[in-house]
Amino acid sequence: MTSMVTTVRSGTSSSPSGAVNGRQHPARDFLARVSNAIIDVLEHAFFSYGKTIAQTPYLFLLFCLVITAFCCIGITKFNQETRPFKLWTPENSDFIKVMEWQEENFPSDLRINMAIYESENVLDKHVLLEMLKIHEVVVDTKTTSATWESVCAQVPTLSTASFGRWRRDITEETVPNQYSKVTTELPTTVRMKSLRQAVDNENNDGGIDWSLVLPRNSYCEFIESMKEACLESSILEVFGYDHDYISSLSQQQIIKQINTVDTSAVTGFPINITTFLGKVETDTEGQIVKAGSSRQTWFTKINRTAIGRGNYINDVGTGSQVDAVTYEWEQKFINNVLNDTERPPNVSLYLMASSSFGTVSGENVLNDLQYLSLGFGIVFVYVVIMLGKFNMVEQRPVLSIIGLSCVGLAVGVSYGLCSAINIPYGPVNSILPFLLLGLGIDDMFVIMQAWNNLSPQEMKQELNERVGYALKHAGVSITVTSVTDFAAFAIGSTTMLPALRSFCLYAAVGIASVYFFQATFFVAFLSIDQRRLEDTRHGLLWCWKLNNWTPNRCSQIDLCQTFFTHVYANLLFLLPVKIFVLAATAVLACVSAWGLSNLRQEFDPIWFLPQDSYLYKYFIKQNHYYPSSGEQGSVYFGDMNLFLELFNIDLLTTRLKESETIVEVDSWYDKYKWYWKKQGYTVPDPQQSEEEFLDQLSQFLFSPNGSPYRSRNFRFSSNLNCTQMAPTVTISSINYRHTLMSTSKEEIKAMESIKSIVREINFTGYVYAWSRSYGEWETNQVIEEELYRNMGLALAVVFIMTLLLIASLVTSIMVLVCVLLTLVDVGALMHWWGLTIDTVSCIDLVLAIGLCVDYAAHVGHTFMTIAGTRDERAKNTVATIGPAVLNGGFSTFLSIVFLANSGSHVFLSFFKIFFGVCIYGLYHGLVFLPVLLSVVGPAPYVTVTPSSQEQNVANTEQMEQTSQAFIKKIIHSRDDSDNRRQDVDVNETGVYIVENKADEGQEADPSTATHTPKL
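Predicted, not measured: the structure shown is a model, and the values here were computed from it. (Residues numbered from 1 in each chain as written. Predicted model: local features only at pLDDT ≥ 70, side-chain atom pairs only at ≥ 80, totals over all residues. Heavy atoms only, no water.)

Let's talk about the overall build of the protein
- If you tally the helices and strands in the protein, you get 33 helices and 18 strands.
- Evaluated residue by residue, the protein yields a buried proportion of 55% over its 1015 residues.
- Considering only residue pairs separated by 6 or more positions, the protein has 76% of its internal contacts joining residues 24 or more positions apart.
- When the accessible surface of the protein is totalled, it reaches about 43100 Å², and 56% of it is carbon and sulfur. (Helix = DSSP H or I, 4+ residues; strand = E, 2+ residues; numbered from the N terminus. Buried < 20%, exposed > 50% of the residue type's maximum accessible area, 1.4 Å probe, protein only. Contact = heavy atoms within 4.5 Å. Areas by Shrake-Rupley, 256 points an atom, 1.4 Å probe, with all protein chains shown as cover.)

Here it is as C-alpha cells:
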C-alpha cells in the first residue's frame, strides 16, 4: 500500500529487543532472525532484478506484452455464468442434486411471462381496456418464425355457453347442443340423475364435472373434440377478452362480475379472482370494490423436438434449454409489451419474462464498464499529480499511463488464464478491475516513493544501480502486501459458493499479475522516463529538449509532508487529544459492536439486477402487492410403485398440512379421494388391485378436477389414454406453499422442517422436497459460516505476514486489533447502510482485511525503527510514514468513488464497504494506532540507537534539502578557462545543476546558470 521509507530495520547480527538493559528475548530474537533472513533474500533479489531491468528496459517491456498476449488467448473460452443456482447455491447441495434430477426426469415445458398493472383502481373500465390492449399486442406479436398461437401453451376449452357470464341454471333442456346427442342416448332418469349429480358437484367445486354426466367413452370422445386455446390468465377471463362487452358495462356491473363469476369464460376452468389482485379494498359485506394492482400471465411452451435437433439456446435466467424460436419470440414480446408510447399516464406496467433474468444480467455487465472508465480517468489525473511535479520536465504523464496500463495487463492475464482453465465469470467479478486498480496504484506509489527517497549516496550511482536500489527498498513492501492479499483470496477460493470461488480465483491471479507488471513493466518504463528527465526533455513531448530549464520553486514544495511534520504530529500527541482519541475509539467500538450485532444475514439474487431495469422494478412491485403469496415447493416421487406408497403419500400430505410453515397443500391424492368418494367408492379400498387403481387414476386425470394434475404432476411409462387404464407411473409429485416469512432464519427452519418430514416417512424410492427458493435459502444457511471461516483464515495469514515483517509480537497484536476494530466498524456501517451478509459482502470483507492491514502495518513497522521516547517515536512515525499512508488510502477511495452512482448491487456494496474501509482504516492507522503506540508501544529494535536515529534524521534532512531543487549545492568544480567556480547539485530527479560563480568570495550570478544531464 505505502512504502516504508527512511527506516532502519534490524541487522542480522542483532535482534530486536524490548528487554531492559539490552537483554534479548528469545522469541523476539527468533522473529528477528526469520524476518531478517526473508527480507535479506528479497532485497538482494529485487536489487539484482531492478538493475537488470534498467539495463535492458525495452526487452522487459516486450516480454510483458508477449506474456499478456499469450494469456489473452484464453479469453476465447470466456464463459459468463449468470444462472443464479450456478452462482449462489453451494455445490453438491440438495437443491442442485434435486434440480439436476428434475431437469433429467421431470422437465417442465412451460415458460411463464407475467405483467403487473398498477393504477389507482385496476377495476376501472379504462384500466381493463388497457389490459385488453396489451392482450391484443401479445396476440399480434410475431417473428419471422413464430406467432403467439405457435409458441403458446394450449389447454382444452369447454363451451362458454355453460360458464362465465353466460351460465344459466342447469336443466335438461339447457344441456349444450354439442352434448345433446350423447345425453339423449341415456335413459331419462339416468340423464336427470347425472345432471343433478353434476349440479351438486358444481355447487361444491365451482364447475360442472361432465365426467359424472356422460359415459366414459362419450366423455372421452367429448374431450378429444374440445377445442384448445392459448393459456393466458387474468381477470379479463371473467369478461372473455371481449372488448365490446367490457365497454358496455358500468362500473357497478364490473364490480358485480368480479365478485360473482368463479369460472373462466374462455377455458371453462374454475378461477380465483383474488389471486390476480393486489392491494384489495372491500366493503362492509366483504365484496371487492377496488384494487391497486392486477396480474396477467402468458404461458409459452418449449419445443422439445427443436431442442433435440440442436436448435436451442441456454437460457441463463432459468438455467434450462429453450428452443431458439420461442426464445426469439419472447424477446419480441418484451419489446412490444414494454412499449409505452400510447399507455395512459395513470396506468403503470411491470414485466417479467422467462428470459428476462439472463438478458438483463448480461446488459448489466456492459453498463458497469462506464464506471470503470470514469474511475480510470480520475485516478489518472491523481497519479499524474502525485508522481510528477508541476513543471515541464518533472511531470510524468506518460509514466502514469504506463502505471495504469499495468492494471489493464493484469486484467487481461487474469481473464485469459482463468477462462483457459474453464473458470466461469460471475457478476461479482465485475469489481475486479477496481480492485486491481487500487492495488496497482498503491504498488506504483510505493515504487515511486522509494525512488524519490533514495539517499544522496544512492543517487550518485548509475541509473541502473539507482533503479536497483529503488526496487530493493520498495520490493519488500509490495511483496508483503501482494502475498498477503494473494493468500487471502487463495484461501477464499476453497469456499463451497461458486460465485465466491470464481471471484477469489480471478482476484488471486489478478493480484499476482499486477504485482509482476508493476515490478517489471512499470519499472522498465521508469528507467526510460528517467533518462528522458535527466536529458531535460518535456514530460509529454519527449522530442522537445529544454535547454537552460529551471523548475519553479512552487513545484518543489510538498504540502502534505509539511502538514504531517509541523501540524498533525504536534497536535495529535497532546495529552487532551490522546485522551479524546482513546475515548472516542472506545465509544465507536461499542456503538459499532451494537450495529454489527444487528447485521442481518440475507441473500436474494434479485439484488444483482440493475435497480433501473424493468425486471428489478417488477420484483419490487411483486413483493409490494403480493407479499402474502409464500414460496411454492414440490415433493417428487420417483423409482417407486405408486400404488404401494399411497398410504405414505396420504400421511405425508397430512403432516405437511399440520406444519406451521405450510399454508397450503395441493395434493392430487386428496382430490382423487374426494372425486371417487362422491361417487360412492371407498378410498382407499383395501381390496383394490393395482390395475383398478390405475384405471380409476386415468378417469380422474381426465376429469375437470383431475386434469390440472395430468401433465403437471405425473409422468408415465407410455402415453396416457382417456379410455384406457393408466400406464405405470414413473414420476409423480404433490405441491405445497410456505407461509410468508420475513427472515432467513425462519426460511432455513422451514426448509429443514419440510425435509425432515419427508425423511421421517419410510418411502422406498426417490423422494425429495424441492423449491426454487431453496437455492437461496441453502445459500443463507452456509454463507455466515463461510464468511467467518474465510475471514478467520485471512486474518491468520495477515497476522503471520505482519509478524514476519515487523518482528514484534506486541506491535503485530496492535496492528491486528486495528484491523479487527476496522472490520467491526465496517460491519456496523453495513447494517446502517442497508447491507446484509451475502456473497458480495463476504468477498468485500475478505478483501477489506488485506487493505486495512496496510494502513496499520506500515505505521507499526516504522515505529519499531525509530529511537527515543514513545512520544518522540510516535511523532516521527507519523511525520515519516503518514503522507504515504494517506496517499494510499485516498487513491483507493478515488478508484471507487464513481461506483456510488451505480445501479448494481455488486458495485454499490463494493463502494459502501470500501468507503468504510478507507475511513475507518485510515482512522485506526493514522489516529488511533499512533496514540496507542505513544502510550504503550514496545521498545524499538536493538539496532535502533539514538546515534543511528540521529544519523537517520540527518540523512532525511539532507534528502529534503536536495529535493528542493537548485537551492543547495554540494559538489564543486573549477573552470580553468575563466577562473570561475562551478557548483553542481544533484536533485531527486538525478539532474546536475551547474551555476557559474566568480572566484572565491564572489557571489554567484543565477542568470548565468547552465544545466547538463547526469551521465
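Observations regarding helix α13 (residues 324-338)
- Here α13 is 15 residues long and its end C-alpha atoms lie 21 Å apart, about the 21 Å a rise of 1.5 Å per residue gives.
- Taken together, the buried positions of α13 are occupied by Thr326, Tyr327, Trp329, Glu330, Phe333, Ile334 and Val337. On an axial view of α13, the arc spanned by its buried residues comes to 160°, and they lie on one face. (Expected span 1.5 Å × (residues − 1). Arc of directions from axis to C-beta.)

Focus on the side chain of glutamine 518
- For glutamine 518, the location among the structural elements is in helix α19 (residues 498-534).
- Glutamine 518 gets classed as buried once you look at its relative accessible area, which sits at 0%.
- Only 3.1 Å separates the side chain of glutamine 518 from the backbone oxygen of glycine 440, close enough to count as a polar contact. (Polar contact = N/O pair within 3.5 Å; in protein donor to acceptor, adjacent residues only side chain to side chain.)

As for the packing of helix α2 (residues 57-72) against helix α15 (residues 397-420)
- Interaxial distance between α2 and α15 falls to 7 Å at its minimum, and their mutual angle equals 35°. As for how α2 packs across α15, the hand of that crossing is left-handed. Between α2 and α15, the contacting residues are Leu65, Thr68, Cys71 and Cys72 on the first element and Leu409, Gly412, Val413, Gly416 and Leu417 on the second.
- Here the residues of the contact of α2 with α15 sort into 6 nonpolar, 3 polar and no charged. (Axes fitted to C-alpha atoms, helices over the stretch in contact; angles between N-to-C directions. Left-handed = near helix turned anticlockwise from the far one by under 90°. Nonpolar A, V, L, I, M, F, W, Y, C, P; charged D, E, K, R; others polar.)

With respect to unusual backbone geometry
- In this structure, the amide linkage connecting valine 683 to the following residue, proline 684, adopts the cis form with an omega of -5°.
- Of note in this structure, asparagine 92 is not a glycine but carries a positive phi near 65°.
- Tracing the chain through its elements places asparagine 92 in the loop between α3 (84-87) and α4 (94-105).
- By relative accessible area, which is 65% here, asparagine 92 ends up exposed.

Here we look at a nonpolar patch on the surface
- A cluster of nonpolar side chains, contributed by Val381, Ile385, Met386 and Phe390, occupies part of the molecular surface with about 390 Å² of accessible area.
- Position of valine 381 among the secondary structure elements: in helix α14 (residues 356-387). (Patch = residues over 30% accessible without salt bridge, like charges linked within 9 Å, V, L, I, M, F, W, Y side chains within 5 Å. Salt bridge = Lys/Arg side-chain N within 4 Å of Asp/Glu carboxyl O.)

Digging into the pairing of strand β1 (residues 110-118)
- In terms of residue burial, β1 counts as a mostly covered element, since 7 of its 9 residues are buried.
- Here β1 runs beside strand β6 (residues 288-301); their pairing, made up of 9 bridges, is antiparallel. Note that in β6 the partner of methionine 114 across the bridge is threonine 297.
- Bridging between β1 and strand β9 (residues 348-352) involves 5 bridges; their strand directions are antiparallel. Looking at the pairing, tyrosine 117 lines up with leucine 349 of β9. (Pairing = 2+ DSSP bridges.)

Digging into the nonpolar core
- Judged by nonpolar contacts, the single largest core of 147 residues is most densely connected at Val428, Phe489 and Phe503.
- Here this core gets 18 residues from one element, more than from any other, and that element is α19.
- Setting aside residues no more than four positions away along its own chain, phenylalanine 503 makes contact with Val428, Asn429, Ile431, Leu432, Leu435, Phe489 and Ile843.
- Residues Trp101, Leu652, Leu697 and Val758 belong to the second largest nonpolar core, which totals 52 residues. (Core = buried A, V, L, I, M, F, W, Y, C linked by side-chain atoms within 4.5 Å.)

Some words on the packing of aromatic side chains
- Tallied over the full model, the rule gives 47 aromatic pairs.
- With a centroid separation of 5.7 Å and 40° between ring planes, the pair formed by phenylalanine 643 and phenylalanine 693 is classed as tilted. One end of the pair, phenylalanine 643, is in the loop between β10 (632-638) and α23 (646-658); the other, phenylalanine 693, is in helix α25 (residues 690-701), with 50 residues separating them in the sequence.
- Here a set of aromatic residues connected by ring pairs shows up, and it is made of Phe643, Trp668, Tyr669, Tyr672, Tyr675, Trp676, Tyr681, Phe693, Phe700, Tyr709, Phe714 and Phe716.
- Lying over the aromatic face of tyrosine 626, arginine 295 brings its terminal NZ or CZ to 3.9 Å of the ring centre.
- For the cation-ring pair, arginine 873 lies above phenylalanine 863, with the distance from its terminal atom to the ring centre recorded as 3.8 Å. (Phe/Tyr/Trp six-rings, centres within 6.5 Å; stacked < 30°, edge-to-face > 60°. Lys NZ or Arg CZ within 6 Å of the ring centre and 35° of its normal.)

As for the state of the cysteines
- Enumeration according to the criterion identifies 2 disulfides in this entry.
- Note that cysteine 220 is cross-linked by a disulfide to cysteine 722, the S-S spacing being 1.9 Å. Handedness here is read from the sign of the S-S torsion; for cysteine 220 and cysteine 722, about -75°, the answer is left-handed. Linking cysteine 220 in helix α9 (residues 216-225) with cysteine 722 in the loop between β12 (714-716) and β13 (729-738), this pair joins segments that are 502 residues apart in sequence.
- Take cysteine 722: its relative accessible area is 7%, and that puts it in the buried class.
- Here the protein pairs its bonded cysteines, counted in sequence order, in the arrangement 1-3, 2-4. (Disulfide = S-S within 2.5 Å.)

Focus on the environment of phenylalanine 637
- Among the secondary structure elements, phenylalanine 637 is positioned in strand β10.
- Separated by 130 residues in the primary sequence, phenylalanine 637 and valine 767 have C-alpha atoms spaced 4.7 Å apart.
- Sequence-distant contacts of phenylalanine 637, that is, excluding residues within four places in its chain, are made with Ile649, Leu652, Thr730, Ile731, Ser732, Ser733, Ile734, Phe763, Tyr766 and Val767.

A word on the pattern of salt bridges
- Under the definition given, this model contains 22 salt bridges.
- When the shortest N-O distance is used, the salt bridge between glutamate 118 and lysine 621 registers 3.1 Å. Taken together, the residues glutamate 118 in strand β1 and lysine 621 in helix α22 (residues 614-625) connect sequence positions 503 residues apart.
- Residue classification places glutamate 118 among the buried positions, given a relative accessible area of 15%.
- In this structure, the salt-bridge partner of arginine 343 is glutamate 130, at a minimum N-O distance of 3.8 Å. One end of the pair, arginine 343, is in the loop between α13 and β9; the other, glutamate 130, is in helix α5 (residues 125-140), with 213 residues separating them in the sequence. Take arginine 343 and glutamate 130: they sit in the same class, and that class is buried.
- Put simply, Asp94, Lys755 and Glu778 are held in one network by salt bridges that share partners.

Thoughts on the pairing of β10
- The element β10 is largely enclosed, with a buried count of 6 among its 7 residues.
- In this sheet, β13 lies alongside β10 in antiparallel orientation, the contact comprising 7 bridges. The residue bridging glycine 633 from the neighbouring strand is tyrosine 736, located in β13.
- Note that β10 and strand β14 (residues 766-770) share 5 bridges and pair antiparallel. Within β14, the residue paired with glycine 638 across the bridge is tyrosine 766.

Quick notes on the confidence of the model for the protein
- Per-residue pLDDT for the protein averages 80, and the proportion of residues at 70 or more is 83%.
- Note that residues 159-196 has pLDDT below 50 and, in this model, 55 contacts with residues that lie over four places away or in other chains.
- Segment residues 202-206 is flagged for pLDDT under 50; beyond a separation of four residues in sequence, or across chains, it makes 13 contacts in the model. (pLDDT = per-residue confidence, 0-100.)

Some details on the packing of helix α31 (residues 870-896) against helix α32 (residues 905-936)
- Contact geometry for α31 and α32: axes closest at 9 Å, N-to-C directions at 175°. When the interaxial angle is binned, α31 and α32 end up roughly antiparallel. On α32, the residues that touch Arg870, Asp871, Ala874, Val878, Gly882, Val885, Leu886, Gly889, Thr892, Phe893 and Ile896 of α31 are Phe910, Phe911, Phe914, Phe915, Cys918, Leu922, Leu926, Pro930, Leu933, Ser934, Val935 and Val936.
- Grouping the constituent residues of the contact of α31 with α32 by class yields 17 nonpolar, 4 polar and 2 charged. (Parallel < 35°, antiparallel > 145°, perpendicular 65-115°, else oblique.)

As for the environment of tyrosine 371
- If you trace the backbone, tyrosine 371 turns up in helix α14.
- Look at tyrosine 371 and you get buried, because its relative accessible area is 12%.
- Sequence separation between tyrosine 371 and phenylalanine 434 is 63 residues; the distance between their C-alpha atoms is 9.3 Å.
- Contact partners of tyrosine 371, with chain neighbours within four places excluded, come to Phe434, Phe898, Leu899, Asn901, Ser902, Gly903 and Phe907.

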